[in-house]
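As a plain string of letters, each chain reads:
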Amino acid sequence: MRKLNKLLNESEVSLERAYNIAVQMEKTDQDLEVMTTKVHKIGVAGKDQQGQQNDTRGHPRHVRSDNQYNKLCKCCGKGKHTKEFGWFKDRKCRICGNLGHLMAVCRLKRGKKPCNYIENEYEQENVLEDIQNLFVLSDTHVSPYKLELLINARKVIFEIDTGAAISVISKNMKDKYFNDCELYKCILKLRSYVNNLITPLGFISVDIVYDKKQIKAKLYVVENRGPSLIGHDLLKKLNIKTLNINSLSCENIKDTLVSKFPEVFSDELGTYKGEQVNLVLKEKVSPKYFKARPLPFSMKELVAEEINRLVSQGVLTPVKSSEWATPIVPVLKGNGKLRVCGDFKVTINQYLEDDKYPLPKIEDLFVNLNKGEKYSRVDLAHAYQQLMLTEDAKKLVCINTHLGLFQYNRLPFGVKVAPNIFQHIMDQLLAGRPGIAVFMDDVVITGKNDQEHYENLLFVFSQLKEMGLTVSADKCIFCR
């Protein structure tokens, strides 16, 4: 009809002209049909003109029954298709090495064992791998409970496993520390918490000491590289209460730390075991000598008592003469006691080379204490005076009192570089661990939970003990 209308609209129509118009319009209809079909194939999935269901690329879609939709593909583990139509049917599994499935659906990973599980060498290797994984499996956010035991006069760290019936060590541990112990055969068969078989290599007989209690016990040796585990057998023999292991309690935390670190809480003045402190003067400096300043009669006795105490502790040494002499400034502390400080700003402070080590900013301290729940503060007793001076530095810090001249053997208060020196030493001692902030003689400790808080406290006091430093028990605050 469209072709006829086209011919009727022509003014002069010949046979040749009519033929050309008909061919041209027919060619146009064919091109239009092709274009329409291609657009349909690129469009939304649906049915074509014959009722065949297509996908979004125009390909015929495979029609499956309801049962096929409900099954999971054995190739990739996902639904709505079977293994025959899966994309990974030719993929090689990384666990078992077989073709036809991914490692996500591998039967070995899911723990489905064949009947010849024990006898098959290949499967036996996988058992050992699972056993090794058993001993390194842990929550990365929670530290395991640990206990130190003295075994054959050697300190060994065990992880407490309240679900284990026996105590085990790795073969590497046995070869490294207990190679002289005879390995006895055993017929014991164990199973892990995922029901995997564990065959011990044997056991060794050892002497164990814990909390002044000594016993003989067996340690079973397992083929793995994991940590040593202490189970019910030793926990019961050693009378270890697992609820009290590494626990944090505000009522007894101070008593626990005092019992574990009596040297740190000692009333005696600590002595830093590191390098002695040296004070460096600028070039071309002449010594400064000042007479003793007069004191009120009410303070003379207090000053004399404090000087005598410092002499008895080895902080001060009386001398007959000195090129440098600094007057003193008595300062009453909040507890009613008196502190004797040298007024070094009139003598060596203006001639000392500056210590470039920076004091921490308050923002840096808050970053280290971020996400803490409870806080503890440790105060170092007579902080600077726990640092020994070199012989050259002692000659620069001589004080002049109504009792005569006294030379400092330890770093005194009032020296301008003392805060920077002490901060540097404390940062080297405790820096780099989250939950610990140091500002000169004050150490603030916290943790994301009670367990981490307690571990940080143990770390701080262990470091202080190792370097010979002491704290003021009355000024320490725990678990607030």
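Residues numbered from 1 in each chain as written. Predicted model: local features only at pLDDT ≥ 70, side-chain atom pairs only at ≥ 80, totals over all residues. Heavy atoms only, no water.

1. Here's the deal with the overall build of the chain
Within the chain one finds 12 helices and 16 strands. Buried residues in the chain amount to 38% of all 480 residues. By sequence separation, contacts in the chain at least 24 residues apart represent 64% of the contacts at least 6 residues apart. (Helix = DSSP H or I, 4+ residues; strand = E, 2+ residues; numbered from the N terminus. Buried < 20%, exposed > 50% of the residue type's maximum accessible area, 1.4 Å probe, protein only. Contact = heavy atoms within 4.5 Å.)

2. Let's talk about the packing of helix α11 (residues 418-430) against helix α12 (residues 450-466)
Here α11 crosses α12 at 120 degrees, and the two axes come no closer than 10 Å. Of the possible angle classes, the one that applies to α11 and α12 is oblique. Between α11 and α12 the crossing geometry is right-handed. Facing α11, whose interface residues are Met426, Leu429 and Leu430, α12 presents Phe459, Val460, Gln463 and Leu464. Among the residues making up the contact of α11 with α12, the classes are represented as six nonpolar, one polar and no charged. (Axes fitted to C-alpha atoms, helices over the stretch in contact; angles between N-to-C directions. Parallel < 35°, antiparallel > 145°, perpendicular 65-115°, else oblique. Left-handed = near helix turned anticlockwise from the far one by under 90°. Nonpolar A, V, L, I, M, F, W, Y, C, P; charged D, E, K, R; others polar.)

3. Considering the packing of aromatic side chains
Throughout the structure, instances matching the rule amount to eight aromatic pairs. Residues Tyr184 and Phe203 carry aromatic rings whose centres are separated by 5.4 Å and whose planes lie at 25 degrees to one another, so their mutual orientation is stacked. Of the two residues, Tyr184 sits in the loop between α5 (171-177) and β4 (190-191) while Phe203 sits in strand β6 (residues 202-210), which places them 19 residues apart along the sequence. Chaining the aromatic ring pairs together yields one cluster made of Phe261, Phe265, Phe461 and Phe478. The cationic tip of Arg339 hangs over the ring face of Phe413; the distance from NZ or CZ to the ring centre is 4.2 Å. For the cation-ring pair, Arg433 lies above Phe459, with the distance from its terminal atom to the ring centre recorded as 4.6 Å. (Phe/Tyr/Trp six-rings, centres within 6.5 Å; stacked < 30°, edge-to-face > 60°. Lys NZ or Arg CZ within 6 Å of the ring centre and 35° of its normal.)

4. Some points on unusual backbone geometry
Positive phi values are uncommon outside glycine, yet Met440 reaches one of about 55 degrees. Look at Met440 and you get buried, because its relative accessible area is 16%. Its identity as a non-glycine residue notwithstanding, Cys479 has a phi of 60 degrees, on the positive side. The topology assignment puts Cys479 in the segment after α12.

5. Some details on the pairing of strand β11 (residues 338-342)
Burial analysis of β11 places four of its five residues in the buried class, the great majority of the element. The pairing of strand β10 (residues 326-332) with β11 spans five bridges and is antiparallel. Pairing of Leu332 across the sheet is with Leu338, part of β11. In this structure, the hairpin formed by β10 and β11 is closed by a connection of five residues, where Gly336 is found at a positive phi of approximately 90 degrees. (Pairing = 2+ DSSP bridges.)

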